[in-house]
Amino acid sequence: MRLAVITLFPEIFQAYMGAGIMRRAVEKAVVSFDVLHLRDFTADRHRTVDDYPYGGGPGMVMKPGPVHEAVRHAKKDGLPTLTILLSPQGRPFTQQMAKELSQEKRRLLFICGRYEGIDERVRQSLVDEEISIGDYVLTGGELPALVIIDAVVRQLPGALGDEDSLKEESFSWGILDYPQYTRPPEWNGMAVPEVLLSGNHRRIALWRRKEALRRTLRKRPDLLRLAGLTPEDYELIREIKEEDYESDK
Ligand code: 9D3
């Protein structure tokens, strides 16, 4: 998959895309990643990317010209491109959208805003999709672009190296993870649940499913409405409710 970003802070992307799973995905050519520095697409001596808002008000607005030039440069090769603007006005990003974007045949081009926002004519003329990552105020679109890139890239075949983790995810889709343990079997007076040491894979799978449902019921009951539960899950939920599921046993 081809990815490109337009930003005033290329270093942020070099850092994140140069580490861990993102770095490996680039090295294995699962993704290609181009960073365009918005300042390289200015025409004036001061390399100006922002200006005062028409009508007054606080802060600065990103000028349309440099963004337009950067998009034009990114698309010069003629490849089909889906242009995504990161903005607080966008559609809230979800795991469903991550999966859909990972199936996208077109290159993904992310435009990261800074300041109070971007000239509305950029959105109208250059943008296919406007995405937010949630209802909190950040200082720019760079972290949101990286959040989306991270969620999309790990869906790509070959990116994780361990395809089992994606399979596990599709099974637990929509509910919280079960509790995890590793060695030692007793630590600071706390034991690993006996069932996990039993070697009984059927019992382990059932215990994990039940604990995942217990956590979800306790911490994120809102998720259960959408989770696509099986009749077996509802039986487990009945058992949990007969137990004391509010306390952290
Ligand atoms: C909503 C705040 N705005 C009030 C006038 C000003 C403003 C502040 C910060 C406008 C843009 C920004 C920078 N944020 C993003 O570019 C952004 C963002 C975010 O802040 N939260 C969640 N998702 C996103 S995607 C892009």
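Residues numbered from 1 in each chain as written. Predicted model: local features only at pLDDT ≥ 70, side-chain atom pairs only at ≥ 80, totals over all residues. Heavy atoms only, no water.

## Re the packing of helix α4 (residues 95-102) against helix α6 (residues 142-153)
At a minimum axis distance of 8 Å, the contact between α4 and α6 shows a crossing angle of 65°. Here α6 runs roughly perpendicular to α4, going by the angle between their axes. Of the two elements, α4 crosses α6, and the hand of that crossing is right-handed. Of the residues in α6, those touching α4 at Ala98, Leu101 and Ser102 are Ile148, Ala151 and Val152. (Axes fitted to C-alpha atoms, helices over the stretch in contact; angles between N-to-C directions. Helix = DSSP H or I, 4+ residues; strand = E, 2+ residues; numbered from the N terminus. Parallel < 35°, antiparallel > 145°, perpendicular 65-115°, else oblique. Left-handed = near helix turned anticlockwise from the far one by under 90°. Contact = heavy atoms within 4.5 Å.)

## Remarks on the pairing of strand β1 (residues 2-7)
Here β1 lies mainly inside the structure; five of its six residues are buried. Bridge analysis of β1 against strand β6 (residues 107-112) gives four bridges, and the strand direction is parallel. Opposite valine 5, over in β6, you have phenylalanine 110 as the bridge partner. (Buried < 20%, exposed > 50% of the residue type's maximum accessible area, 1.4 Å probe, protein only. Pairing = 2+ DSSP bridges.)

## Things to note about α4
Listing the buried residues of α4 in full gives Met97, Ala98, Leu101 and Ser102. Viewed end-on, α4 has its buried residues packed into an arc of 135°, placing them on one side of the element. On its buried face, α4 is in contact with β5 (81-92), β6, β7 (129-132) and α6. (Arc of directions from axis to C-beta.)

## Describing the domain arrangement of the chain
Here the chain is partitioned into domain 1 (2-153) and domain 2 (169-248). Centre-to-centre, using C-alpha coordinates, domain 1 lies 39 Å away from domain 2. (Domains from an automatic or database assignment.)

## Re the packing of aromatic side chains
Applying the stated criterion across every chain, the model contains one aromatic pair. Note on phenylalanine 13 and phenylalanine 33: the rings are 6.1 Å apart at their centroids and 40° apart in plane angle, and the pair reads as tilted. With phenylalanine 13 in helix α1 (residues 10-17) and phenylalanine 33 in strand β2 (residues 32-37), the pair connects residues that are 20 residues apart, well separated along the chain. Take phenylalanine 13 and phenylalanine 33: they sit in the same class, and that class is buried. A cation over an aromatic ring shows up here: lysine 99 above the ring of tryptophan 173, its NZ or CZ 4.7 Å from the ring centre. (Phe/Tyr/Trp six-rings, centres within 6.5 Å; stacked < 30°, edge-to-face > 60°. Lys NZ or Arg CZ within 6 Å of the ring centre and 35° of its normal.)

## Some remarks on the packing of helix α8 (residues 201-219) against helix α10 (residues 231-242)
A pair of packed helices is characterised by two quantities: the angle between their axes and the separation of those axes. In contact at an axis separation of 10 Å, α8 and α10 are set at 65° when each is read in the N-to-C sense. Once α8 is placed against α10, the crossing between them reads as right-handed. Contacts between α8 and α10 pair Leu206, Arg209, Lys210, Leu213, Arg214 and Leu217 from the former with Asp233, Leu236, Ile237, Glu239, Ile240 and Lys241 from the latter. Taken together, the residues that form the contact of α8 with α10 break down as six nonpolar, no polar and six charged. (Nonpolar A, V, L, I, M, F, W, Y, C, P; charged D, E, K, R; others polar.)

## Observations concerning the nonpolar core
It is characteristic of soluble globular proteins that their nonpolar side chains tend to be buried jointly. If you look at the biggest cluster of nonpolar residues, it comprises 30 residues, and the most contacted ones within it are Leu3, Phe93, Leu101, Phe110, Ile148, Ile149 and Val153. Elements that contribute at least two residues to this core include exactly β1, α1, α2 (20-27), β5, α4, β6 and α6. Per-element tally for this core: the top contributor is α6, with seven residues. (Core = buried A, V, L, I, M, F, W, Y, C linked by side-chain atoms within 4.5 Å.)

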